[in-house]
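In case you want the letters, here they are:
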Amino acid sequence: MKPLHIRLTTTASLVLLIALSRFLPHPPNATPVMAMALFGGALFERKWLGLVVPVLAMLLSDALIGFHGTMGAVYGSLALAWLIGAVALRKPTFGWVVAGSVSASILFFLITNFAVWYGSSYYPQTAAGLLGCYTAGLAFYNNQSFFLNGLVGDLFFSGLLFGGYALLQRRFPVLRPSLA
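Parameters at a glance
- Within each chain, residues carry numbers counting from 1 in the order of the written sequence.
- Whole-chain, interface and lining totals are the exception, using all residues; otherwise, since this is a predicted model, local features are given only for residues with pLDDT of at least 70 and side-chain atom pairs are given and counted only at 80 or more.
- To get the side-chain values, all heavy atoms of the structure are used, and hydrogens and water are removed first.
- Orientation is described by axes fitted as lines to C-alpha atoms, over the contacting stretch for helices, and by angles from 0 to 180 degrees between their N-to-C directions.
- Each helix is a run of H or I in the DSSP string that is no shorter than four residues. Each strand is a run of E no shorter than two, and both are numbered from the N terminus.
- Each angle is binned into one of four classes, with values under 35 degrees roughly parallel, values over 145 roughly antiparallel, values of 65 to 115 roughly perpendicular, and all other values oblique.
- When the near helix sits turned anticlockwise from the far one by under a right angle, the crossing is termed left-handed; a clockwise turn instead gives a right-handed crossing.
- Contacts: residue pairs with any heavy atoms within 4.5 Å of one another.
- Under the convention adopted here, Pro, Cys and the residues Ala, Val, Leu, Ile, Met, Phe, Trp and Tyr are nonpolar, Asp, Glu, Lys and Arg are charged, and Gly plus all remaining residues are polar.
- Within 6.5 Å between ring centres, the rings of Phe, Tyr and Trp (the latter by its six-membered ring) count as paired, and their orientation is classed by plane angle as stacked under 30 degrees, edge-to-face over 60, tilted in between.
- Each residue is placed in one exposure class: buried if its accessible area under a 1.4 Å probe, protein chains only, is under 20% of its type's maximum, exposed if it is over 50%, and partly exposed if it falls in between.

**Q** Requested: an account of the packing of helix α3 (residues 47-65) against helix α4 (residues 71-88), with residues and values cited.
**A** One can describe the packing of α3 onto α4 by two numbers: an axis separation of 10 Å at closest approach and a directional angle of 155 degrees. One finds that α3 runs roughly antiparallel with respect to α4. Crossing of α3 against α4: the hand is right-handed. Counting all contacts with α3, which are made through Lys-47, Trp-48, Gly-50, Leu-51, Pro-54, Val-55, Met-58, Leu-59 and Asp-62, the residues of α4 involved are Met-71, Val-74, Tyr-75, Leu-78, Ala-79 and Trp-82. The residue makeup of the contact of α3 with α4, split by class, is twelve nonpolar, one polar and two charged.

Below is the structure:
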């Protein structure tokens, strides 16, 4: 198989796997999409593909799940996670991957909850309403917290992607970055 075909097949496979992951049973907000944005920003040779993969996966799955009013905030958060990967994780280490993943999770929580507050009649458009919206995202309902689920999911999938890739680089030297 030619290198271009391998890259296209890999990219298409990632899009489909990430999109499908949103249909599998999982805790709310615990999907590999944010981790894929970090990973793509950090390690994709063509940086723009690192953003296209998670965005296409979201668009594909959102077309089936349903579009919603806070999509701009969600997709904007993905772009910020991609930017964190592209800037801070060019040479990923365990500590930087954890910091990038935690940062992406916090940004996602802050941005999307702000969008929910701003675009909703459920919360009063006051500072207290905004605080109530953030508190609801942190709170535990049925032993689950939207923020904590997202954080744990992002850390797990980031570890899986970055760690798995590091193991593959050891096994297949062709995946190692060149020193030139």
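Picking up where we left off.
**Q** Please set out the packing of aromatic side chains residue by residue, giving values where relevant.
**A** Counted by the stated rule, this structure contains ten aromatic pairs. Consider the rings of Tyr-122 and Tyr-123, whose centres lie 4.9 Å apart with planes at 90 degrees: the pair is edge-to-face. Residue Tyr-123 is classed as buried on the basis of its relative accessible area of 16%. An aromatic cluster is present here, built from Phe-39, Phe-44, Phe-162 and Tyr-165 joined pairwise through their rings.

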